[in-house]
Amino acid sequence: MLPETLAIPAILLGIFILILSASYLLYPKNSVKLLPPGPKALPIIALAAKYGPIMSLKLGQIPTIVVSSPEKAELFLKTHDTIFASRPKLKATETISYGGKGLVFSKYGAYWRNVRKLVTVELLSASKVEMFAPLRRAELGLLVKSLEKASASHEVVDVSELAMELIENVTYKMVLGRNKDDRFNLKGLIHEYSYLLGAFNLADYVPWLEVFDFQGLARRMNKVSKELDHVLEMIIKDHEQPSNNEEKGPDKKKVFVDTLLSLMHQPMDPHDEHQHIIDRTNIKAIIIDIIIGAYDTSAVTIEWAMSELLRHPRVMNKLQNELENVVGLNREVEETDLENLPYLNMVVKETLRLYPVGPLLVPRESIEDVTIDGYHIKKKSRILINAWAIGRNPKVWSNNANIFYPERFEVSDISNRGKDFRLIPFGSGRRGCPGIQMGLTSTTTILGQLVHCFNWDLPVGMSHDDLDMNEDFGLSIPRSQHLLARPTCRLLGRT
Ligand code: HEM
């Protein structure tokens, strides 16, 4: 998501290591029960090979478990799903996400269940995804037009930036009915929030450090939370004006904020005994969570898919042939074509295997003590599921696990929707991603369109092997360098 995420300045890292050691001495092991083996600190992802599929870390005062094999992930996400279906309280979500009143970071229980149902039924159901197809089509059309201009003038474009802008525009229009407003800088605020969410905050691991705010994160969180709240208030007030609603007309589609406002003061789930009533704060928290859930996930997948296609001309040609045969060079790709494009779907699957947008999913927290595979896992442990390591494990994916090879899914059609623990880019179980349909539809259509409408070359003088494929590890894994490439029109009659 953001390059700075892991860039903890050396001095802070030093302080952190001191604190780790101190907390290790101050909080000695008080249990004789067998804990999973593991090192005392970071790094997490690469250590799976050394310490095995269930590894424990002591991050400050927080016991942390990292799970890195499909079999063990199934134990946490399916067999014992209810025990691990909560999320830890993080300073960023407490401050900016209205104390976890949205969906992504709310703790497991009746409230989360109500919000989850509301979001899945009212905002992210298959029919709602379908309802916004014309919006996605129009925005993608604008991108194709701008790329046609770049093609005519032989320009190099920033593919990463364009994918991000497209997804942002669609998300903001679908959720708020607008993608910009002269009165405020919503995109800037969301970028700042997203950075703060991904930043390594010492106070999340050593709570007594919070008062010192060494990293200046608390100050930034307070600032962005006030500004974001002010902007959301303005947007909500605009949507509450009856004149604005009349202008929309009866046949106009409701954007998410209108849908949520129409449910205000009603119980989230009338059949639930807890009867949580929807108020303004819930609406704002849900809006922020949907934006955060949607805004860079698809864009990051698209930039990695394009990078791998540029490095593998054989795969690019095969994909373009499929598009030419099924769609034809006389028209653009439509969402309704997707079910007839098996190779395109395999390319997206293979991209999500190698580059799961959330390399460690979204952290879970255990709600009670439990023994898994002989290891004692304490209540309130933080659970990180290492989807990145699972996707690259040679025992699971054979010796070519690190190679981009979509054909592997021809032989075995592994689901990526949380049913098969070898491939879990969307997580799994109760807390699995509710935006799968929307995320896959956008990602697959945009990728198909880019490859169908244009041939792509790297900037002059750059070969496939020169392409920097380094990731930035944070809350998500974008490319550390933006992808630059040159489009040339491919469809008949386009220049
Ligand atoms: C390629 C696209 C996407 C990927 C790879 C992705 C991935 C994920 C992952 C890994 C999780 C955590 C799952 C877990 O803990 O087991 C998650 C949760 C979530 N995602 Fe997505 N996501 C994508 C698109 C979207 C979209 C488009 C939306 C909404 C419009 C969305 C909304 C959410 C929400 C609200 C949650 C939290 C669910 C909960 O805690 O109950 N995601 N996503």
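Residues numbered from 1 in each chain as written. Predicted model: local features only at pLDDT ≥ 70, side-chain atom pairs only at ≥ 80, totals over all residues. Heavy atoms only, no water.

(A) Molecular detail of the coordination of the iron atom of the ligand. You will see that the iron atom of the ligand has only one donor from the protein, Cys433 (SG), lying 2.3 Å away. Within the secondary structure, cysteine 433 is located in the loop between α20 (408-411) and α21 (436-453). (Donors = N, O, S within 2.8 Å, 3.2 Å for Na, K, Ca; no water. Helix = DSSP H or I, 4+ residues; strand = E, 2+ residues; numbered from the N terminus.)

(B) Quick look at helix α3 (residues 70-79). All buried positions along α3 are accounted for by Pro70, Lys72, Ala73, Phe76 and Leu77. Take α3 and look down its axis: the buried residues cluster within an arc of 160 degrees, on one side only. Pointing more than 90 degrees away from the buried face of α3 are the exposed residues Glu71, Lys78 and Thr79. (Buried < 20%, exposed > 50% of the residue type's maximum accessible area, 1.4 Å probe, protein only. Arc of directions from axis to C-beta.)

(C) Representation of the side chain of threonine 443. Assignment of secondary structure puts threonine 443 in helix α21. Looking at threonine 443, its side chain comes within polar contact range of the main-chain oxygen of glycine 439, at 2.6 Å. Residues in contact with threonine 443, not counting those within four places in the same chain, are Ser298, Thr301, Ile302 and Val348. (Polar contact = N/O pair within 3.5 Å; in protein donor to acceptor, adjacent residues only side chain to side chain. Contact = heavy atoms within 4.5 Å.)

(D) Layout of the packing of aromatic side chains. In the structure shown here, the tally under the stated rule is eight aromatic pairs. Residues phenylalanine 76 and phenylalanine 84 carry aromatic rings whose centres are separated by 4.7 Å and whose planes lie at 45 degrees to one another, so their mutual orientation is tilted. Classification of phenylalanine 76 by relative accessible area gives buried; the value is 0%. Arranged with centres 4.1 Å apart and planes meeting at 5 degrees, the rings of tryptophan 304 and tyrosine 355 form a pair that is stacked. With a gap of 51 residues between them, tryptophan 304 in helix α15 (residues 297-311) and tyrosine 355 in the loop between α17 (342-354) and β4 (364-365) connect regions that are remote in the sequence. Looking at tryptophan 304, the relative accessible area reads 0%, which means it is buried. Residue tyrosine 355 is classed as buried on the basis of its relative accessible area, which comes to 5%. Here the guanidinium or amino end of arginine 353 rests over the ring plane of tryptophan 397, the centre of that ring lying 5.2 Å away. (Phe/Tyr/Trp six-rings, centres within 6.5 Å; stacked < 30°, edge-to-face > 60°. Lys NZ or Arg CZ within 6 Å of the ring centre and 35° of its normal.)

(E) Quick peek at the packing of α15 against helix α16 (residues 313-326). Viewed as axis vectors pointing N to C, α15 and α16 meet at an angle of 110 degrees, and their least axial separation amounts to 5 Å. It follows that α15 is roughly perpendicular to α16 by the angle criterion. On α16, the residues touching Leu309, Leu310 and Arg311 of α15 are Pro313, Val315, Met316 and Leu319. Here the residues of the contact of α15 with α16 sort into six nonpolar, no polar and one charged. (Axes fitted to C-alpha atoms, helices over the stretch in contact; angles between N-to-C directions. Parallel < 35°, antiparallel > 145°, perpendicular 65-115°, else oblique. Nonpolar A, V, L, I, M, F, W, Y, C, P; charged D, E, K, R; others polar.)

(F) Geometry of the UniProt feature "binding site: heme" (unreviewed entry) in the protein chain. Residues annotated in UniProt with the feature "binding site: heme" (unreviewed entry) correspond here to Cys433. By relative accessible area, which is 32% here, cysteine 433 ends up partly exposed. If sequence neighbours within four positions are ignored, cysteine 433 has contacts with Arg116 and Phe426. (UniProt positions renumbered as here; feature names shortened; annotations may be inferred.)

(G) Representation of the nonpolar core within the structure. Grouped together as the largest cluster of nonpolar side chains are 122 residues, with contacts concentrated most on Val119, Phe256, Ile287, Met306, Leu309, Leu447 and Trp456. Dropping the residues within four chain positions of it, leucine 447 is found in contact with Ala305, Met306, Leu309, Leu344, Val347 and Val348. Judged by nonpolar contacts, the second largest core, of 18 residues, contains Ile65, Phe76, Leu361 and Ile383. (Core = buried A, V, L, I, M, F, W, Y, C linked by side-chain atoms within 4.5 Å.)

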